[in-house]
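The chain contents come next:
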Amino acid sequence: MQRIAIIDIGSNSARLVISHIYKSGAYNMVFNQKESLRLAQKTDTDGNLSREAFDGALRIMQSFAFMCKQYKADKIIAVATAAIRNAKNGSQLTNEVAEKTGIHLHIISGNAEAGLSFLGVINTLPMKDGILFDLGGGSTELVLFRNRKIVESVSIPLGAVNTTSIFNIRDTMPPNVYTDINFFISTRMEKYPWLKDSGLPLIGVGGTARTVAKMIQKSKNYPSSRVHNYIFSAQSFRSLFKKLRGTTLKERSEVPGLSLERADIILAGLSIINCLLELTGSKRIVTSGCGLREGLFYDYYAKTNRVPLIAEDILDSSTENALRLYSVNIEHNRKVAGLALAMFDSWHGLHRLGPRYRELLKTAALLHDIGISINYYSHARHSAYMILNAKIFGLTHAEQMLCAVIAGWHNGISKRYFKNHAYRPLLTEKDWDHAGKLALLLALSESLDYSESDTIQQIAASADPQRAVLEIRATGDPSIELHQLKSNQEWFEETFAIPLKIVVKLLE
């Protein structure tokens with residue numbers, strides 16, 4: 001096992017993330033520490049970081065170094081971004097950090113920061129084309145990507161903290177100042193013609209973008225607290241900005257979803273996003289909970305594990321990671337998934353579900369037994385909870401809930417379990433009906449390898465208006481599997497209104 005620590009010293013905050021990479025290739029985060037720093041506000045008129053900034057950064061880095069030691073980190077990757085990059089004495093600070101903590105803090109360029117943020121996004125969001133903005137405290141990185149490849153990128157030295165300081169809008173933003181800020185930001189963005197009228201979706205990275213998503217979620221009573229892959233319209237953003245523009249700091253501190261530590265710099269951050277929306281003509285914003293730190297991790301992981309830097313299919317790769325992390329029998333889960341997909345394809349005339357549901361069934365089938373790692377009893381429910389909360393990428397929030405329901409029902413439909421679930425409103429009545437059909441296919445496929453002995457080698461499924469037929473071809477005695485299959489025949493007939501006939505053929 002490898003223990004990887006990633007440190008990001010930004011203009012507004014500092015973060016330490018420690019992840020484990022296991023022998024199986026699976027990985028997960030085991031520790032996360034965030035500290036407010038505000039370096040962008042601690043620079044003098046000559047462009048030097050103050051002694052206060054040095055002391056604060058050193059104190060935090062010493063704390064991070066201690067935690068790295070506690071977690072026995074094998075590798076520490078530490079980077080500094082805009083505030084230290086732009087400071088005349090930034091290298092002096094990194095030297096002091098190295099001397100007092102033993103950690104080498106690398107100052108990365110704006111383009112490198114943009115590229116790493118892109119890696120964090122493209123490996124965790126199902127986006128083919130778009131404009132990424134990583135809005136930090138001292139800079140905003142912009143990336144145009146098409147077909148999942150960077151076309152253009154730039155780092156603009158405008159962030160939520162330094163823009164707040166320039167225009168003194170910590171408390172209020174009078175109308176004349178709002179006009180000045182718009183002009184100030186727009187003239188700098190207009191230097192990059194590839195931004196203008198692209199019409200592509202914006203992908204928001206960083207604390208400001210996440211905070212905007214949280215505020216909009218609260219205003220709409222959104223049932224999920226997850227912000228990654230939360231999508232909202234440009235109009236929703238403009239309504240929020242219009243509401244906050246006329247507030248005082250005290251009034252903003254009471255806005256649901258807006259933390260106290262960000263209330264004083266949010267107006268500047270919103271102004272930057274607003275100008276970006278106007279210039280690009282984008283109609284929606286996709287929130288990313290992943291960015292620079294995840295990009296640093298994927299860069300390291302790809303090089304050390306010899307996998308592509310950009311995953312070919314983020315749903316497959318993240319599901320595979322969850323499978324390796326939690327499964328007690330990976331081959332059984334793969335077998336069940338294969339059988340479930342074979343039935344899905346052969347019985348399409350019965351369920352009439354589109355190809356996207358095939359992907360959801362595959363995901364649920366691969367992970368349907370991971371709850372055994374908690375407790376075998378009620379493991380279907382444990383699996384549902386784990387799927388709903390796992391870092392599975394490439395799904396909408398509703399789709400991830402649907403996968404959880406399919407897995408949670410693979411021992412039989414139990415609407416009571418999800419009746420009062422907070423995320424229940426994400427699904428429509430039609431979704432629940434679809435989940436029941438897919439859960440039935442999963443239950444049948446689980447039955448076909450119930451002994452986990454690989455006795456059943458092949459299946460052939462067919463149907464006509466009078467009945468459905470499932471022919472199983474076995475290399476040994478399939479009596480255990482047959483018993484389980486027969487227990488699901490009634491469920492099948494209730495679901496599809498025709499009986500299920502089981503035919504057994506023994507292979508030599």
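Residues numbered from 1 in each chain as written. Predicted model: local features only at pLDDT ≥ 70, side-chain atom pairs only at ≥ 80, totals over all residues. Heavy atoms only, no water.

Centre distance and the angle of the planes are the two values used to describe a pair of aromatic rings. Enumeration over the complete set of coordinates arrives at 19 aromatic pairs. Ring geometry for phenylalanine 118 versus phenylalanine 145: centroids 5.5 Å apart, planes at 55°, classification tilted. Highlighted residues: phenylalanine 118 in helix α4 (residues 110-122) and phenylalanine 145 in strand β7 (residues 140-146), separated in sequence by 27 residues. Note on accessibility: phenylalanine 118 and phenylalanine 145 belong to one class, buried. With 6.1 Å between their ring centres and 35° between their planes, tyrosine 230 and phenylalanine 232 make a pair best called tilted. One aromatic cluster in this structure is built from Tyr27, Phe297, Tyr298 and Tyr301. Geometry around tryptophan 432 places arginine 424 over its ring, the cationic atom sitting 4.4 Å from the centre. (Phe/Tyr/Trp six-rings, centres within 6.5 Å; stacked < 30°, edge-to-face > 60°. Helix = DSSP H or I, 4+ residues; strand = E, 2+ residues; numbered from the N terminus. Buried < 20%, exposed > 50% of the residue type's maximum accessible area, 1.4 Å probe, protein only. Lys NZ or Arg CZ within 6 Å of the ring centre and 35° of its normal.)

Tracing the backbone through its elements, the reader meets threonine 211 in helix α7 (residues 207-219). By relative accessible area, which is 6% here, threonine 211 ends up buried. A polar side-chain atom of threonine 211 sits 2.8 Å from the main-chain carbonyl oxygen of glycine 207. (Polar contact = N/O pair within 3.5 Å; in protein donor to acceptor, adjacent residues only side chain to side chain.)

If you walk across this open sheet you meet the six strands as β8-β7-β6-β9-β11-β10, and the pairing is mixed. Each edge of the sheet is formed by a strand with only one pairing partner; in this case those strands are β8 (149-156) and β10 (231-233). Taking each pair of neighbouring strands and ignoring which way they run, the sheet shows an average axis angle of 20°. Pairing of β10 with strand β11 (residues 284-287) involves three bridges; the strand directions are antiparallel. Bridge assignment links serine 233 to a residue of β11, and that residue is arginine 284. The sheet contacts of helix α10 (residues 266-280) involve β6 (130-135), β7, β9 (202-205) and β11, and relative to β6 the element is tilted by about 165°. (Pairing = 2+ DSSP bridges. Axes fitted to C-alpha atoms, helices over the stretch in contact; angles between N-to-C directions. Contact = heavy atoms within 4.5 Å.)

Right, let's talk about the pattern of salt bridges for a bit. In the structure shown here, the tally under the stated rule is 24 salt bridges. Its salt-bridge partner being aspartate 264, residue arginine 38 comes within 3.0 Å of it at the nearest N-O pair. Here the residue arginine 38 occupies a position in the loop between β3 (27-36) and α1 (51-70), and aspartate 264 occupies one in the loop between α9 (249-252) and α10, the gap between them amounting to 226 residues. The class for arginine 38 is buried, based on a relative accessible area of 11%. Relative accessible area serves as the criterion here: at 6%, aspartate 264 is assigned to the buried category. Salt-bridge contacts for aspartate 316 lead to lysine 362; the nearest nitrogen and oxygen are separated by 3.4 Å. Here lysine 362 lies in helix α15 (residues 355-367) and aspartate 316 lies in helix α12 (residues 314-326), a separation of 46 residues in the sequence. Assessed through its relative accessible area of 33%, aspartate 316 is described here as partly exposed. Under the relative-accessibility criterion, lysine 362 is labelled partly exposed at 24%. (Salt bridge = Lys/Arg side-chain N within 4 Å of Asp/Glu carboxyl O.)

On to unusual backbone geometry. In this model, asparagine 168 sits at a positive phi of 55°, which is unusual for a non-glycine residue. Structurally, asparagine 168 can be placed in the loop between α5 (160-167) and α6 (175-189). Positive phi outside glycine occurs at arginine 306, with the angle close to 55°. Tracing the backbone through its elements, the reader meets arginine 306 in the loop between α11 (292-305) and α12.

With that settled, consider the sheet that holds strand β14 (residues 500-506). The strand order β12-β13-β14 describes an open sheet built from three strands, whose pairing is mixed. Where the open sheet ends on each side, the last strands, each with one partner, are β12 (456-463) and β14. With direction set aside, neighbouring strand axes in the sheet form an average angle of 20°. Inspection of the sheet shows strand β13 (residues 468-474) paired to β14 by seven bridges, in the parallel sense. When the sheet's bridge partners are listed, arginine 473 is paired in β14 with lysine 505.

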